[in-house]
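Residue-level listing of the chains:
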Amino acid sequence: PDKYNVIAGITCIVGIGLVSLDGNFVVQYGDYITLVCGIFFGLQIIFISVFNKDKDAILMTIIQFLTAGIITGVLSLCFETMPQSIPTGAWIEVVYLTIFGTMVAFLLQNLSQKHMSSSAASIILTLEAVFGTVFSVVFYHEKLTLKLVCGFVVIFIAVFLSETKLSFLKKDKNKK
C-alpha cells in the first residue's frame, strides 16, 4: 500500500475508536471481539481482492454464502439448542436480512472490489460505523456527542485521503 493508504488506515482506526469506544475510552470485552471480527473482515477483503480479479463475482458470492452457511450450521448444531418454535415474523426478518443486509451487500462488495484496491475498499467499508451510528441517532434517538461527530469527521478524512491521495494538491506538470 502507498503512504496515503497507510495514513488513511491509521486515521480510520482513530475515527472508529472515537465512534466505538465509551466516554472514558475504555476497551471492553465486546471491543476485543469486534477487533477480532475486524481482523477477519480485513482478511476477507484481501482474499476477495486476490481471488476476485478474474472470477465471476456472483459465483464468488454464492461460494461465500455456502461456505459460511455450512460452517455456521455445523457450529450451531454443536453448540446451540434448537428453539421449540420460531414465530413467522422472525422468519420474515431473517429472510430479509439474509437477502438485503448480507447477500446483496456481499455481491456489491465483490463486484466493486474488481475495480479498486483492497486498501481503498477497506477504508470505504469503515463508513459502516458512521452510517450505523447515524441511523441509531435518527431512528432510535441515540445521543449525538462531540466525540461521535469528531469520529465521523476523522473517518471521512481517512476515506477522502485514501480515495484522492490529495492528487488535487499536486501540480499537473503537463498543464501550462
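The structure displayed is predicted, hence computed values, not measured ones. (Residues numbered from 1 in each chain as written. Predicted model: local features only at pLDDT ≥ 70, side-chain atom pairs only at ≥ 80, totals over all residues. Heavy atoms only, no water.)

## Topic: the overall build of the chain
Alright, step 1. When its secondary structure is counted, the chain shows seven helices and zero strands.
Alright, step 2. Put simply, the chain runs from its N terminus to its C terminus through helices and strands in the order α-α-α-α-α-α-α.
Alright, step 3. The dimensions of the chain, computed from C-alpha atoms along their principal axes, are 75 × 45 × 25 Å.
Alright, step 4. In the chain, which comprises 176 residues, the share counted as buried stands at 22%.
Alright, step 5. For the chain, restricting intrachain contacts to residue pairs at least 6 apart in sequence, the fraction spanning at least 24 positions comes to 83%.
Alright, step 6. In the structure as shown, the chain presents an accessible area of about 12,900 Å², 73% of it carried by carbon and sulfur atoms. (Helix = DSSP H or I, 4+ residues; strand = E, 2+ residues; numbered from the N terminus. Buried < 20%, exposed > 50% of the residue type's maximum accessible area, 1.4 Å probe, protein only. Contact = heavy atoms within 4.5 Å. Areas by Shrake-Rupley, 256 points an atom, 1.4 Å probe, with all protein chains shown as cover.)

## With respect to unusual backbone geometry
Alright, step 1. The residue His141 is not glycine, and still its phi comes out positive at about 55°.
Alright, step 2. Secondary-structure assignment places His141 in the loop between helix H6 (127-140) and helix H7 (146-164).

## Observations regarding the side chain of Gln44
Alright, step 1. Examined against the element boundaries, Gln44 turns out to sit in helix H2 (residues 29-52).
Alright, step 2. Look past the residues within four positions of Gln44 in its chain and what remains in contact with it is Gln64, Phe106 and Gln109.

## Structural notes on H6
Alright, step 1. Its 14 residues place the ends of H6 19 Å apart at the C-alpha level, agreeing with the 20 Å of an ideal helix rising 1.5 Å per residue.
Alright, step 2. For H6, the complete set of buried residues consists of Leu127, Val130, Thr133 and Ser136.
Alright, step 3. Considering only its buried residues, H6 is in contact with helix H1 (3-20), helix H5 (118-125) and H7. (Expected span 1.5 Å × (residues − 1).)

## Notes on the packing of aromatic side chains
Alright, step 1. Counting across every chain of the model gives four aromatic pairs.
Alright, step 2. For the ring pair Phe65 and Phe106, a centre distance of 6.2 Å and an interplane angle of 85° mean the geometry is edge-to-face. Of this pair, Phe65 sits in helix H3 (residues 57-79) while Phe106 sits in helix H4 (residues 88-112), and the two are 41 residues apart along the sequence.
Alright, step 3. Look at Phe65 and you get partly exposed, because its relative accessible area is 22%.
Alright, step 4. Relative to Phe139, the ring of Phe135 lies with its centre 5.7 Å away and its plane at 15°, an arrangement referred to as stacked. Placement of the pair is Phe135 and Phe139 together in helix H6, with a separation of four residues, close to one helical turn.
Alright, step 5. Its relative accessible area of 47% is what places Phe135 among the partly exposed residues. (Phe/Tyr/Trp six-rings, centres within 6.5 Å; stacked < 30°, edge-to-face > 60°.)

## A word on the layout of surface pockets
Alright, step 1. The space that makes up the largest pocket amounts to roughly 2,000 Å³.
Alright, step 2. If you go around the largest pocket, you meet 45 residues; those closest to its centre are Cys37, Gly38, Phe41, Gly42 and Glu128.
Alright, step 3. Ranked by residue count, the leading element in the lining of the largest pocket is H2, at 15 residues.
Alright, step 4. Among the residues making up the lining of the largest pocket, the classes are represented as 25 nonpolar, 18 polar and two charged. (1 Å grid on protein atoms, 1.4 Å probe; cavity = no way out; pocket = protein on both sides within 12 Å on 5 of 7 lines; lining within 4 Å. Points joined across faces, edges and corners; volume = space filled by probe spheres on them. Nonpolar A, V, L, I, M, F, W, Y, C, P; charged D, E, K, R; others polar.)

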